[in-house]
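# Fold and geometry: a report
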There are 2 protein chains.
Amino acid sequence: MELPSNTLANAVENLSNLPGVGKRSALRFALHLLKQPPEEVQQLATAIHRLTTDIHYCHLCHCLSDSDTCPICASPKRTQSIICVVENVQDVMAIENTQQYRGLYHVLGGVISPIDGIGIRDLHIDTLLTRVQQGLPAAVEEVILALPTTMEGDTTAFYLNKQLAPLGVKVTTIARGIAVGDNLEYADEITLGRSILNRIPFA
Amino acid sequence: MELPSNTLANAVENLSNLPGVGKRSALRFALHLLKQPPEEVQQLATAIHRLTTDIHYCHLCHCLSDSDTCPICASPKRTQSIICVVENVQDVMAIENTQQYRGLYHVLGGVISPIDGIGIRDLHIDTLLTRVQQGLPAAVEEVILALPTTMEGDTTAFYLNKQLAPLGVKVTTIARGIAVGDNLEYADEITLGRSILNRIPFA
């Protein structure tokens, strides 16, 4: 499609790099922006630009933060003896939304995946081990592995368990089972099988 | 959803103002941007910012342009005696893509719609009449109305025809009929009826 303006074409080109956005959606975005008050468009541009300058990562848990230590790691209200290991920042937000967890986090930044060229050194595994060994920010009693149940997630969990076990810390993993509201007859066999093996006392 | 960083929250807030983009997609965009090289993100921010500073509208046809006169109005290769009246810039691009039209355009910027509070004065109708009267950029022989077949589009076309007729210019409208590749049996009655009324000589 030929655009009547290079400025527009440039905006469309850049917007279409967003995930799931094609040339048509990008054009729709750009034409929408042209109809908005200039201040609003400039606000958007500034907000995007600030992602490159104002975002920090917590030096303890590697979660996104506005400062060097994230609000969760800095909070005295959180149980500092429990660390929940997750793949990425989205997982932290998902667990925070449940309001069921009051401990700290550790964001690996991915899972071990030789096919994608992601090895142990590409993940924040060494800092996790340091946190457990040195008790950062406090003595660690339990590490919860909340990793995806994929081949890569399981490999990462297995490796982490092997590294953490000698440090004398309790290693747990989140429960897998039938989702709340799901019918047994439609559940896959592996999940249903696990949910029977890992059954718990009824109330 | 609570976000771990105000900078991120601000970006999500602004991105979710894009059409068809909710908080979840906006978060996906923002987290995607965080993983990109900073130069690319800054490029996007600049491209968006430039939409507010570098975009001009053609003083003749009101189409988007990088300069005061758009490439189409400025081109000596276009037939300057024919003006195609369209609702918006997207329509110009759609017609340009057909490569079937070599005349000029006039972008109204909308259609008459009392419900949305859009009246005659909100549209570029006066400049269209001036172009026809004064022959800008050249003497006008024909005005093609390529407006949507909605109540509002028809009202606008009717009004334009009433204003243009006394100026001694030929007023035409684009053909309505069965789309190429469509089956007659699935066509709506109004379209099929019109296509019979407006039949043309076979080759």
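Quick note: structure is the one above.
Residues numbered from 1 in each chain as written. Chains lettered and ligands numbered in written order. Predicted model: local features only at pLDDT ≥ 70, side-chain atom pairs only at ≥ 80, totals over all residues. Heavy atoms only, no water.

### Observations regarding the overall build of chain A
How we decide: Here a strand is any run of E in DSSP of at least two residues, a helix any run of H or I of at least four, and the numbering for each starts at the N terminus. With C-alpha atoms as the basis for the radius of gyration, the globule rule is written as 2.2 Å multiplied by the number of residues raised to the power 0.38. Classification of residues uses two cut-offs on accessible area relative to the type maximum, computed with a 1.4 Å probe and protein chains only: under 20% is buried, over 50% is exposed, and between them is partly exposed. Any two residues having at least one pair of non-hydrogen atoms within 4.5 Å are treated as being in contact. The Shrake-Rupley method, run with a 1.4 Å probe, gives the accessible areas here. Residue values count only the displayed protein chains as cover. Note that His is not counted, nor are the chain ends; the positive residues are Lys and Arg, and the negative ones are Asp and Glu. Here the site of a charge means NZ on Lys, CZ on Arg, CG on Asp, or CD on Glu.
When helices and strands are tallied, chain A shows 8 helices and 6 strands. In sequence order, chain A lays out its α and β elements as α-α-α-β-β-α-β-α-β-α-β-α-β-α. Taking 2.2 N^0.38 as the reference for a compact globule, 203 residues should give roughly 17 Å; the C-alpha atoms of chain A span a radius of gyration of 22 Å, well beyond that estimate. Once the C-alpha set of chain A is aligned to its principal axes, its extents read approximately 65 × 45 × 35 Å. Within the span of chain A, comprising 203 residues, buried residues form 38% of the whole. Contacts in chain A between residues far apart in sequence, at least 24 positions, make up 48% of those at least 6 positions apart. Per element, the accessible surface of chain A, about 11,700 Å² overall, is 53% carbon and sulfur. Placing the 15 positive and 21 negative side-chain charges of chain A at their respective mean positions leaves the two points 3 Å apart.

### Looking at the pairing of strand 3 (residues 79-86) of chain B
Residue and element names in this part refer to chain B. Defined as follows: Any two strands between which DSSP finds at least two bridges are classified as paired. A crossover gets the label right-handed when its path from the first strand over the helix to the second runs clockwise, viewed with the strands pointing away from the viewer.
Alignment of strand 3 against strand 4 (residues 103-107), held across 5 bridges, turns out to be parallel. Its bridge partner lying in strand 4, Cys84 is registered against Tyr105. What joins strand 3 to strand 4 is helix 5 (residues 89-98), and the crossover it makes is right-handed. Where strand 3 meets strand 5 (residues 142-145), 4 bridges bridge the pair, whose relative direction is parallel. Residue pairing for strand 5: Cys84 is matched across the bridge by Ile144.

### Some remarks on the pattern of salt bridges
All names here are of chain A. To keep it simple, the criterion reads: Every case where a carboxyl oxygen of Asp or Glu lies within 4 Å of a side-chain nitrogen of Lys or Arg is listed as a salt bridge.
Scanning the model with the defined rule gives 6 salt bridges over all chains in all. A salt bridge links Glu13 to Lys23, with the shortest nitrogen-to-oxygen separation between them at 3.0 Å. Taken together, the residues span a long stretch of sequence, with Glu13 in helix 1 (residues 6-15) and Lys23 in helix 2 (residues 23-35) at a distance of 10 residues. With a relative accessible area of 42%, Glu13 lands in the partly exposed category. Overall, Lys23 belongs to the partly exposed group, its relative accessible area being 48%. Salt-bridge contacts for Glu96 lead to Arg78; the nearest nitrogen and oxygen are separated by 2.9 Å. Note that Glu96 is positioned in helix 5 (residues 89-98) and Arg78 in the loop between helix 4 (71-74) and strand 3 (79-86), a separation of 18 residues in sequence. Judged by relative accessible area, Glu96 falls into the partly exposed class, the value being 24%. Among the residues examined, Arg78 registers a relative accessible area of 7% and is labelled buried.

### Side note on the packing of aromatic side chains
Residue and element names in this part refer to chain A. The condition is simple: Aromatic pairs are defined between Phe, Tyr and Trp rings, using the six-membered ring for Trp, whenever the two ring centres lie within 6.5 Å; interplanar angles under 30 degrees are classed as stacked, those over 60 as edge-to-face, and all others as tilted.
One pass over the structure, following the stated rule, counts 2 aromatic pairs over all chains. Ring geometry for Tyr101 and Tyr105: centres 5.2 Å apart, planes at 65°, overall edge-to-face. Tyr105 shares its class with Tyr101; the two are buried.

### Regarding helix 2 of chain A
We count it as follows: Each helix should span, by expectation, one fewer than its residue count multiplied by 1.5 Å.
In this model, helix 2 of chain A (13 residues) spans 19 Å end to end at C-alpha, consistent with the 18 Å of a helix rising 1.5 Å per residue. Among the residues of helix 2 of chain A, Ala26, Leu27, Phe29, Ala30, Leu31, Leu33 and Leu34 of chain A are the ones counted as buried.

### With respect to the interface of chain A and chain B
Here is the rule we go by: When two components associate, each loses some accessible surface as probed by a 1.4 Å sphere; the sum of these losses over both components is called the buried area. Polar contacts, as used here, are pairs of N or O atoms within 3.5 Å; protein pairs need one atom able to donate a hydrogen and one able to accept it. Residues neighboring in sequence count only if both atoms are side-chain atoms.
Each partner contributes residues to the interface: chain A has 50 residues there, and chain B has 50 residues. Between chain A and chain B, the buried area comes to about 4,600 Å², and carbon and sulfur atoms account for 71% of it. Linking chain A with chain B are 0 salt bridges, by the criterion used here. Where chain A packs against chain B, one counts 10 residue pairs in polar contact (both at pLDDT 80 or more).

### Here we look at helix 1 of chain A
Three- or four-residue spacings in an α-helix give side chains the same orientation, since the helix completes a turn every 3.6 residues. Our working rule: To obtain the arc, one takes the directions from the helix axis to the C-beta atoms.
Taken together, the buried positions of helix 1 of chain A are occupied by Thr7, Leu8, Ala11, Val12, Asn14 and Leu15 of chain A. One side of helix 1 of chain A holds all its buried residues, which, seen down the axis, span an arc of 165°. Check the buried side of helix 1 of chain A and you find it contacts helix 2 of chain A together with helix 3 (38-53) and strand 2 (64-65) of chain B. The N-cap of helix 1 of chain A, judged by a side-chain oxygen 3.2 Å from the amide nitrogen of Thr7 of chain A a few residues on, is Ser5 of chain A.

### Quick notes on the sheet that holds strand 5 (residues 142-145) of chain A
All names here are of chain A. Heads up, the condition is: To get an axis, fit a line to the C-alpha atoms, keeping to the stretch in contact for a helix; angles then go from 0 to 180 degrees between the N-to-C directions.
Pairing is parallel in the open sheet, where 4 strands are placed in the order 4-3-5-6. On the outer flanks of this sheet lie strand 4 (103-107) and strand 6 (170-173), each paired with one strand and no other. With direction set aside, neighbouring strand axes in the sheet form an average angle of 25°. Relative to the sheet, helix 5 contacts strand 3 and strand 4, its axis offset from that of strand 4 by approximately 160°. Along the sheet, helix 6 (residues 125-134) contacts strand 3, strand 4 and strand 5; its crossing angle with strand 4, the most-contacted strand, is approximately 150°.

### Regarding the packing of helix 6 of chain A against helix 7 (residues 151-164) of chain A
Residue and element names in this part refer to chain A. Put simply, the rule reads: By the definition used in this description, the sense in which the near helix is turned from the far one sets the handedness, with an anticlockwise turn below a right angle giving left-handed and a clockwise turn giving right-handed. Amino acids are sorted into nonpolar (Ala, Val, Leu, Ile, Met, Phe, Trp, Tyr, Cys and Pro), charged (Asp, Glu, Lys and Arg) and polar (every other residue, Gly among them).
The N-to-C vectors of helix 6 and helix 7 enclose an angle of 35°; their axes lie 11 Å apart at closest approach. Crossing handedness for the pair helix 6 and helix 7: right-handed. Between helix 6, through Ile125, Leu128, Leu129 and Val132, and helix 7, the contact on the second element is made entirely by Tyr159, Leu160, Gln163 and Leu164. Class assignment for the residues of the contact of helix 6 with helix 7 results in 7 nonpolar, 1 polar and no charged.

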